[in-house]
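# Structural characterization, general
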Amino acid sequence: MFRFTRPLLNAARKPTTGITGLKVHHDPIPQLRQTYEATLQTLSAMPQSSVYRQGTEALTLHKLKVLEKANGDISVLEKELDEGQVEESLDIAQDELSLAKKMLEWKAWEPLEEKPLPGQWTYFGKEATATSSS
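We now turn to the structure provided with this report. (Residues numbered from 1 in each chain as written. Predicted model: local features only at pLDDT ≥ 70, side-chain atom pairs only at ≥ 80, totals over all residues. Heavy atoms only, no water.)

Let us now look at helix α3 (residues 51-70). Its 20 residues place the ends of α3 29 Å apart at the C-alpha level, agreeing with the 28 Å of an ideal helix rising 1.5 Å per residue. Looking only at α3, the buried set comprises Y52, R53, T56, T60, K63, L64, V66, L67 and A70. Buried residues of α3, seen end-on, are gathered within an arc of 165 degrees and therefore sit on one face of the element. In α3, the exposed positions that point more than 90 degrees away from the buried face belong to V51, K65 and K69. Phi turns positive one or two residues past the end of α3, at N71, with a value near 55 degrees. (Helix = DSSP H or I, 4+ residues; strand = E, 2+ residues; numbered from the N terminus. Expected span 1.5 Å × (residues − 1). Buried < 20%, exposed > 50% of the residue type's maximum accessible area, 1.4 Å probe, protein only. Arc of directions from axis to C-beta.)

There is a patch of nonpolar side chains on the surface, built from L112, W121, Y123 and F124 and spanning about 540 Å² of accessible area. One can find W121 in the loop between α5 (86-106) and β1 (122-123). W121 sits in the partly exposed class, given a relative accessible area of 32%. (Patch = residues over 30% accessible without salt bridge, like charges linked within 9 Å, V, L, I, M, F, W, Y side chains within 5 Å. Areas by Shrake-Rupley, 256 points an atom, 1.4 Å probe, with all protein chains shown as cover. Salt bridge = Lys/Arg side-chain N within 4 Å of Asp/Glu carboxyl O.)

The next thing to look at is the pattern of salt bridges. Within the structure shown, the criterion is met by two salt bridges. Residue R53 is joined to E57 by a salt bridge in which the shortest nitrogen-to-oxygen separation is 3.4 Å. With R53 and E57 both in helix α3 and four residues apart, the pair spans about one turn of that helix. Taking the relative accessible area as the measure of exposure, R53 reaches 8% and is therefore buried. Across the salt bridge formed by E83 and K63, the nearest N and O atoms sit 2.5 Å from each other. Note that E83 is positioned in the loop between α4 (74-81) and α5 and K63 in helix α3, a separation of 20 residues in sequence.

It is worth spelling out the environment of W109 at this point. Mapped onto the fold, W109 is located in the loop between α5 and β1. On the basis of relative accessible area, W109 is assigned to the partly exposed category, the value being 29%. Sequence separation between W109 and Y52 is 57 residues; the distance between their C-alpha atoms is 8.1 Å.

Its place among the elements puts T56 in helix α3. Assessed through its relative accessible area of 9%, T56 is described here as buried. Residues within four places of T56 in sequence aside, it is in contact with T39, L43 and E96. (Contact = heavy atoms within 4.5 Å.)

One recurring pattern in soluble globular proteins: nonpolar side chains tend to sit buried together. If you look at the biggest cluster of nonpolar residues, it comprises 13 residues, and the most contacted ones within it are L32, Y36, L67, L77 and L81. Every element with two or more residues in this core is listed here: α2 (28-43), α3, α4 and α5. Ignoring anything within four residues of it in the chain, the contact list for L32 reads L67, L77, L81, V86, S89, L90 and A93. Membership of the second largest hydrophobic core comes to five residues, among which are L43, M46, A100 and M103. (Core = buried A, V, L, I, M, F, W, Y, C linked by side-chain atoms within 4.5 Å.)

Even without being a glycine, D82 presents a positive backbone phi close to 55 degrees. Take D82: it is sitting in the loop between α4 and α5. Judged by its relative accessible area of 67%, D82 is exposed. The phi dihedral of F124 is positive, around 55 degrees, even though this residue is not glycine. Residue position: F124 is located in the loop between β1 and β2 (126-127). With relative accessibility at 87%, the residue F124 sits in the exposed group.

Structure (structure tokens):
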């Protein structure tokens, strides 16, 4: 009995991602959900007015809804997220969680300790501010 099922099981498993250094994750969906939820938990410690929190929270909530909508189907999830393979999405999510923890540590929403020099944020003849990039 096991002789027949083992080859079928091995054929269904993805042997490699085809990306150097990125290993196949054999149960990525629960890990992805956990990472998204951890990111949202980290973001909740930031002030609501933080631009980073607003943007990252919206994106993470969207990705979490896509994950739930996929209902465990990895191919649907990969197509809807449009980030490549699910292992790449997991890698992206873990990087975002890491950045969120650093942003919380850095308190990036607080005002600058020193005023910038005149012209410091002028690019291509236009002044860049925190509220606009033009």
